[in-house]
Amino acid sequence: MTSIRDTVARFIESEGHRVDASPLDEAEGVSELLFRTRGQVFSVTTFEKNPGAFTISTAYEIPDWARERGQNVETLARVNDEFPDIAFLMAHDDGLFITTSDETPGSPEAFTRTFWERVARVRTAGARAVEEIVDRTESKAAAEKFINSFMRGEQ
Amino acid sequence: MSDALTPIEGALEDEGLFFTRDDDDDAYRVAFKSEGDRYFVVAYRDDPNFIMIGSGWTLPAEVDTFDALDIANVLNVRKKFVKTALWEEERDVLFTVELCVNSAEEVRPNFGRLLDVLRDTAAEFFEELRDDEPQNGSE
């Protein structure tokens with residue numbers, strides 16, 4: 001019988017993409033499939049013991065200048081309100097964040113039917129978060145707050 | 001042995017995509033899929049500066065060709081790089097990026113962008129067609 005991992009890997013390959021499959025936990029039957037699309041590497045996790053559940057993830061690097069701003073976790077939480085079906089997680093000493101969608105379509109066949117829509121959803125959520133993180137208008141707001149305070153003689 | 005489309009093969013490798021070659025006496029051809037959609041790249045043996053990247057789709061039977069032409073015209077005005085054309089007899093719509101280059105190596109770093117714009121143009125074309133469809137029950 002074909003494994004869940006191989007079923008999904010064959011589907012992605014049939015759609016034109018090279019797939020790198022590796023076990024994450026052989027005893028539990030957990031595997032990771034890596035593939036590229038639109039210049040971004042995505043990871044799909046499959047669970048042999050739970051054939052109806054999958055995760056789709058991708059990582060985005062945060063530019064050096066934006067890493068020290070302190071509000072990136074809050075920014076991700078704000079974007080999470082907009083994309084409640086997507087999880088956002090800071091990683092690698094805040095140098096990148098990961099967007100993940102937990103999928104429970106019920107079967108590998110159902111998963112593959114909406115696969116690219118779900119990949120697009122994860123990508124859109126990640127792109128939105130990047131847009132918010134590199135948005136410098138917050139700094140402008142901070143400057144305006146200082147100027148207002150300065151003009152009132154509080155500084 | 002390398003030829004006019006060898007850099008395109010490199011670009012497809014960069015993108016993590018499978019591809020096949022289908023050369024003949026007139027042209028070099030590469031075919032590939034991305035997210036399940038089919039694309040091609042063509043370079044003519046007698047015109048080493050010309051490269052075409054494209055995708056083709058069959059128009060649904062219920063689509064009015066004049067509506068499709070209108071949308072194609074709007075996209076041709078608005079979109080960078082991409083030419084949208086209807087082949088009326090075959091009822092096909094073709095999206096192509098046609099470039100004049102010294103070498104396909106020039107295309108390689110921009111291949112992802114060109115693929116995106118092809119994909120987006122096709123998506124917009126069919127979205128506009130759907131928006132133009134008369135709603136059920138309406139006059």
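Please read these numbers as outputs of a predicted model, since none were measured by experiment.

Chemist: I would appreciate a short explanation of the sheet that holds strand S4 (residues 50–58) of chain B in the present structure.
Modeler: Sheet strands line up and pair through hydrogen bonds in the backbone, either parallel or antiparallel. Residue and element names in this part refer to chain B. As summarised here, the arrangement of the six strands in space is S1-S2-S3-S4-S6-S5, forming an open sheet in which the pairing is antiparallel. A strand with exactly one partner marks an edge of an open sheet, and here the two such strands are strand S1 (19–21) and strand S5 (82–87). Taking the axes of each pair of neighbouring strands and ignoring which way they run, one obtains an average angle of 25° across the sheet. One ladder, built from three bridges, connects strand S3 (residues 37–44) with S4; its direction is antiparallel. Bridging across to S4, Val41 finds its partner in Ile53.

Chemist: What am I meant to see in the sheet that holds strand S4 (residues 54–61) of chain A here?
Modeler: Residue and element names in this part refer to chain A. Spatially, six strands are ordered S1-S2-S3-S4-S6-S5 in an open sheet, and the strand pairing comes out antiparallel. Looking at which strands have only one partner, the edges of the open sheet turn out to be strand S1 (20–25) and strand S5 (87–91). Taken over all neighbouring pairs, the strand axes of this sheet differ in orientation by 25° on average, direction set aside. In this structure, S1 lies alongside strand S2 (residues 30–37), joined through five bridges in antiparallel fashion. The residue of S2 that forms the bridge with Pro23 is Ser31. Running over the sheet, helix H5 (residues 115–133) touches S2, strand S3 (40–47), S4, S5 and strand S6 (96–103) and is turned about 30° from S4.

Chemist: Hey, could you run me through the interface of chain B and chain A in this one?
Modeler: How large an interface is tends to be reported as the accessible area lost when its parts come together. Contacts between the two partners involve 13 residues from chain B, matched on the other side by twelve residues from chain A. For the pair chain B and chain A, the summed buried area comes to about 1200 Å², and 41% of that belongs to carbon and sulfur atoms. On the chain B side of the contact with chain A, Glu15(B), Phe18(B) and Glu35(B) bury the most area, a combined 51% of that side's loss. The tally of links from chain B across to chain A stands at three salt bridges. For the pair chain B and chain A, the interface holds nine residue pairs in polar contact (both at pLDDT 80 or more). Contributions of two or more residues to the side of chain B that touches chain A are made by helix H1 (6–14), strand S2 (27–34) and helix H3 (111–132) of chain B. Considered class by class, the residues forming the side of chain B that touches chain A number three nonpolar, three polar and seven charged.

Chemist: Would you explain the packing of helix H3 (residues 72–82) of chain A against H5(A) in this entry?
Modeler: To describe two helices that pack against each other, one gives the angle between their axes and the distance between the axes. Residue and element names in this part refer to chain A. Viewed as axis vectors pointing N to C, H3 and H5 meet at an angle of 140°, and their least axial separation amounts to 10 Å. The angle between the axes of H3 and H5 places the two elements in the oblique class. Between H3 and H5 lies a crossing whose hand is right-handed. Contact residues: Asn72, Thr75, Leu76, Arg78, Val79 and Glu82 in H3; Arg121, Ala125, Arg128, Ala129, Glu132 and Ile133 in H5.

Reading the values: the criteria
Residues numbered from 1 in each chain as written. Chains lettered and ligands numbered in written order. Predicted model: local features only at pLDDT ≥ 70, side-chain atom pairs only at ≥ 80, totals over all residues. Heavy atoms only, no water. Pairing = 2+ DSSP bridges. Helix = DSSP H or I, 4+ residues; strand = E, 2+ residues; numbered from the N terminus. Axes fitted to C-alpha atoms, helices over the stretch in contact; angles between N-to-C directions. Contact = heavy atoms within 4.5 Å. Buried area = accessible area lost by both parts, 1.4 Å probe. Salt bridge = Lys/Arg side-chain N within 4 Å of Asp/Glu carboxyl O. Polar contact = N/O pair within 3.5 Å; in protein donor to acceptor, adjacent residues only side chain to side chain. Nonpolar A, V, L, I, M, F, W, Y, C, P; charged D, E, K, R; others polar. Parallel < 35°, antiparallel > 145°, perpendicular 65-115°, else oblique. Left-handed = near helix turned anticlockwise from the far one by under 90°.

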